[in-house]
Structure formats: C-alpha cells, structure tokens
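The lines below spell out each chain.
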Amino acid sequence: MERHNNGFMNRWLLAAAVSCLAFAGIFPAVAEEPVWHDAADFPLYGQVSDSVLTRYERLPASFRNISRAPVWNLGRNSAGLAVRFRSDSPSVSVRWTSMFGNTMSHMAETGVRGVDLYILEDGQWRFAGTGRPEGRTTDAVLVRNMDRADREYMLYLSLYDGVDSLYIGIPEDASISLPEVDLPSREHPVVMYGTSILQGGCASRPGMAHTNILGRMLGREVMNLGFSGNALLDYEIAGLMASVESPGAFVLDYVPNASADMIAEKGEKFFRILRDAHPDVPVIFVEDPEFPHSRFDKAIRSEVERKNAAQKVLYEKLRKAGEKHVYYVSSEGMIGNDSEATVDGVHFTDLGMERYASHLYPVIRKALRSSGLD
C-alpha cells in the first residue's frame, strides 16, 4: 500500500513539475487546436474547368466517359492547382486527405502527395513550408512563430495524387479572407500540355514543378495539363485547352510520350483545334529533352532524334502554310550539359525543373509580349 501511494505521489510530482516548466517556458506548452477553414471557400488557380467531379481535379466530369482511362485517372491528380488566401495569422496549418495514397519509388512523397505553402513578400513568392504526408489524412503546421501581420498565401497541391478534402487551420483569434493582391494574374493564362515531366515528375515538392516555377516567374496563372506517360495528342484535350476563354499562350510539350509517327499523324489536327478557336494566340512547340542516358544508349538517342525531327517538320509545315504566332523551343541546353538534372535519366530533379523553366521562360515571355500581354 505504501509503494502504491509513493508511486502515485511521484507521478503527481512529475506532472506538477512539467506543468511548472511549461509555464516557465522551458518546455513548450501543448499547441491549441487551430480553427479549420474549408479551402473550398477560397480561389483555386490552375484549373481549366470547374465542372469537375470533385473540386481539386483537372478534367471536367464529362471526360470520365470520353477520355482514355489513364488520362481520366491522371486528370484526378491535383498537379498545378493552388489555393490563394490572405491571413494575419502567426501560423498556418493544413489538413488534407489524399484521394489515392499514391507512392512512387523515384519521387519524394512530399512531391507525390504533399502540399507547399508560399508567402508573397515584396512582390515575390517565397517558400514557407511543406506539408509532409502521413497516411491518407494529414494535419501539418506549415509555418509558425511569425509576427502578426496580413500576408498573401499560395498553397500548391499534390502533383501525383488527388485531394479529397482540404482545410486551412489558424488560431481562433486570427483572420482569414480572400486574397487582395492579383498575383499571379488570372488574365490570359498560359495553358501547358505534356507528359509526366510537365505533371511534375519528379519534383521534391509541389512548388518545384516547372509549371509552378513558371507561374511565379511570369506572375501569371499557368494551367498544368500534364498526363504521365499519356501525352498522346488526345483531341479532347486540345478541345479542353481551346475552351479557355482568353488564353495568353499554349505550350505543346508532348514529344517525350508521342512517337514520330503519332506527331506526323495527329500533330496538325491537334494544333488546328487550338488555332480555330484562338486565331491569334501564340502556340509554342517544345522538343524532347536530350536525356542524359541518350549519350550512351544509341537506341534512345535515335528515338529522341526522330521525334524531335517530326516536331520540327510539323512546325516548319505550319510556318510555310502562313501560320503566325507559332514558336519553337529547341532541346539544346534545355536541362544543362552536366547530366545532373534527372532522377533516373528522364524525370527531373528540382535542379532539372529549375533549368527547364529557365529554358522555356524567354520563349513564353516573348510570345506573350508579341501579343501585347507582357
């Protein structure tokens, strides 16, 4: 009985000591549960159509019965989507539920199904924190211990998974509201179509996908229509791109997936769908990158050369036919010449994404300027 009482007394004294230390600031007190705000109440950037099955998807619900199954399933990934909001909170938490719980052996889970928070500072978007996924539903504090001040935020969503639900958490005495700064600009978005690389493979976190990097560089909304392994010139995707009311430019980056024969067979019709809807909008054709392993693998090198030649033939054919507002991006120097920009010889690291965005940026900027949009 005495031992029991002594044990009880020891536990009581320990609890009292921890409480005193927490009060004195030696041990941090347990954080209060934030107040959760549904992100559906705030603007969503990067989405071509809002007629979707669930909010954080890239393809209209009608495409479920139109597109090939892989395209539809990949369209449910939230690549390139971002939520914008404003808050005076000293901390920002996020609670999100992943649609599939995907993992990949060559890509960090923070990129596959994590989220990224950026803060606008002096006109520039600054990285503030990453939500590291833990199971299907994750609660994560992305930034804390800030001075109380109004700030503009951009929350990038997962690249290779969908988002079922999304909530933003702030303390009870903090405020959250719609953004007040028009950045990125939603007028005349850049609409990009491509492969796994364009979808974001294999960025370490969502903010490092090159479409998201370009959005920050251009100060303009960029729409990501990347479909891993499935940029096969599906005409309904061209129709979706053409449905954008007032695009600034179209970027066609399908060559890593499409064969030379496919480009010859389908490339012009895909272009015509865009051009018929938007006679004066710039269309930018992009070559296949010179992948590092093609330096040694003769078969890969030959395939890349054939596909890039087919892309160049298509571009030159359109120019000779009198098409204006068409641009071409060569693969030369696209991701550097040191063979260090990929995870697996194909998919880009953050270094590759940064180099790729920097390679595309001058051409996109020139195309926008030629249309009086820059």
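Residues numbered from 1 in each chain as written. Predicted model: local features only at pLDDT ≥ 70, side-chain atom pairs only at ≥ 80, totals over all residues. Heavy atoms only, no water.

Observations regarding the overall build of the protein
Applicable threshold: The secondary structure listing takes helices from DSSP runs of H or I that are at least 4 residues long and strands from runs of E that are at least 2 residues long, numbered from the N terminus. Buried residues are those whose accessible area, probed at 1.4 Å on protein chains only, stays under 20% of the maximum for their type, while exposed residues exceed 50% and partly exposed ones sit between those limits. Whether two residues are in contact is decided by their heavy atoms: any pair within 4.5 Å suffices. Here the accessible surface of atoms and residues is derived via Shrake-Rupley with a 1.4 Å probe, and residues count as covered only by protein chains that are part of the display. Charge counting treats Lys and Arg as positive and Asp and Glu as negative, with His and both chain ends excluded. To locate a charge, the coordinates of NZ of Lys, CZ of Arg, CG of Asp or CD of Glu are taken.
Secondary structure assignment for the protein yields nine helices and 15 strands. Once the C-alpha set of the protein is aligned to its principal axes, its extents read approximately 95 × 45 × 40 Å. Within the protein, the proportion of its 374 residues that are buried is 53%. Excluding contacts between residues fewer than 6 apart, the proportion of contacts in the protein whose partners are at least 24 apart in sequence is 79%. Carbon and sulfur atoms form 50% of the exposed surface of the protein, whose accessible area is close to 17,100 Å². Taken together, the 39 basic and 49 acidic charged side chains of the protein have centroids lying 4 Å from each other.

Looking at the sheet that holds strand S9 (residues 163–170)
Two orientations exist for strands paired in a sheet by backbone hydrogen bonds: parallel and antiparallel. As a reminder, the rule being used: Paired strands, as defined in this entry, are two strands with at least two bridges between them according to DSSP. Axis geometry follows a simple rule: fit a line to the C-alpha atoms, using only the stretch in contact for helices, then measure angles between N-to-C directions, giving values from 0 to 180 degrees.
Spatially, four strands are ordered S1-S9-S4-S7 in an open sheet, and the strand pairing comes out antiparallel. Here the strands that pair on one side only, and so sit at the sheet edges, are strand S1 (35–38) and strand S7 (137–143). For this sheet, the mean angle separating the axes of adjacent strands, direction not counted, is 30°.

A word on the packing of helix H5 (residues 210–218) against helix H9 (residues 350–370)
This is how the line gets drawn: Every angle not falling under 35 degrees, over 145, or within 65 to 115 is termed oblique; those three ranges are roughly parallel, roughly antiparallel and roughly perpendicular. What makes a crossing left-handed is the near helix being turned counterclockwise from the far one by less than a right angle; a clockwise turn instead makes it right-handed. In this classification, the charged set is Asp, Glu, Lys and Arg, the nonpolar set is Ala, Val, Leu, Ile, Met, Phe, Trp, Tyr, Cys and Pro, and all remaining amino acids, among them Gly, are polar.
The N-to-C vectors of H5 and H9 enclose an angle of 45°; their axes lie 9 Å apart at closest approach. As judged from the angle between their axes, H5 and H9 are oblique. Crossing of H5 over H9 shows right-handed handedness. Of the residues in H9, those in contact with His-210, Ile-213, Leu-214, Met-217 and Leu-218 of H5 are Met-353, Glu-354, Tyr-356, Ala-357, Ser-358, Leu-360, Tyr-361, Ile-364, Arg-365 and Leu-368. Grouping the constituent residues of the contact of H5 with H9 by class yields eleven nonpolar, two polar and two charged.

Digging into the confidence of the model for the protein
So the rule is basically this: Residue-level confidence of the predictor is summarised by pLDDT, bounded by 0 at the bottom and 100 at the top.
Per-residue pLDDT for the protein has a mean of 93; in total, 92% of the residues score no lower than 70. The low-confidence segment residues 1–30, where pLDDT is below 50, has five contacts with residues more than four positions distant or belonging to other chains.

Some remarks on the packing of helix H6 (residues 235–242) against helix H7 (residues 260–277)
In contact at an axis separation of 8 Å, H6 and H7 are set at 20° when each is read in the N-to-C sense. Taken together, H6 and H7 sit at an angle that is classed as roughly parallel. The element H6 and its partner H7 pack so that their crossing is right-handed. Taken together, the residues of H7 that come into contact with H6 (itself represented by Tyr-235, Ile-237, Ala-238, Gly-239, Met-241 and Ala-242) are Glu-265, Lys-266, Lys-269, Phe-270, Ile-273, Leu-274 and Ala-277. By residue class, the composition of the contact of H6 with H7 is nine nonpolar, one polar and three charged.

Overview of the environment of Asp-338
Which entries qualify depends on this criterion: Under this definition, polar contacts are N or O atom pairs within 3.5 Å; protein pairs additionally need one hydrogen-donor-capable and one acceptor-capable atom, and for neighbouring residues in sequence, both atoms have to be side-chain atoms.
For Asp-338, the location among the structural elements is in the loop between strand S15 (326–329) and H9. When its relative accessible area of 37% is taken as the criterion, Asp-338 is described as partly exposed. A polar contact of 3.2 Å, which involves the side chain of Asp-338, links it to the backbone nitrogen of Glu-340. A distance of 2.8 Å separates the side chain of Asp-338 from the side chain of Arg-355, its partner in a polar contact.

Observations regarding the nonpolar core
Note the threshold: For the purposes of this section, nonpolar cores are sets of buried Ala, Val, Leu, Ile, Met, Phe, Trp, Tyr and Cys residues that join through side-chain atoms within 4.5 Å.
One finds Ile-284 and Ile-364 to be the most contacted residues of the largest nonpolar core, which totals 45 residues. The leading source of residues in this core is H9, at nine residues. Residues within four places of Ile-364 in sequence aside, it is in contact with Val-190, Leu-214, Leu-218, Val-251 and Ile-284. Val-71, Ala-231, Ala-260 and Ala-310 belong to the second-largest nonpolar core, a separate cluster that totals 38 residues.

What about H5?
Burial runs high along H5: eight of the nine residues are buried. All of the buried residues along H5 are His-210, Thr-211, Asn-212, Ile-213, Leu-214, Gly-215, Arg-216 and Leu-218. After H5 finishes, the residue Gly-219 shows a positive phi value of roughly 65°.

Here we look at the environment of Glu-152
Structurally, Glu-152 is set in strand S8 (residues 151–156). Distance in space between the C-alpha atoms of Glu-152 and Arg-86 is 4.6 Å, their sequence separation being 66 residues. In contact with Glu-152, not counting residues within four places along its chain, are Arg-84, Phe-85, Arg-86, Tyr-118, Ile-119, Leu-120, Trp-125, Pro-179, Glu-180 and Val-181. At 2.9 Å, the side chain of Glu-152 forms a polar contact with the backbone nitrogen of Glu-180.

Topic: unusual backbone geometry
Following Leu-183, the chain continues to Pro-184 via a peptide bond in cis, the omega torsion being 0°. Tracing the backbone through its elements, the reader meets Pro-184 in the loop between strand S10 (176–177) and strand S11 (185–194). Its identity as a non-glycine residue notwithstanding, Asn-145 has a phi of 60°, on the positive side. Its place among the elements puts Asn-145 in the loop between S7 and S8. By relative accessible area, which is 70% here, Asn-145 ends up exposed.

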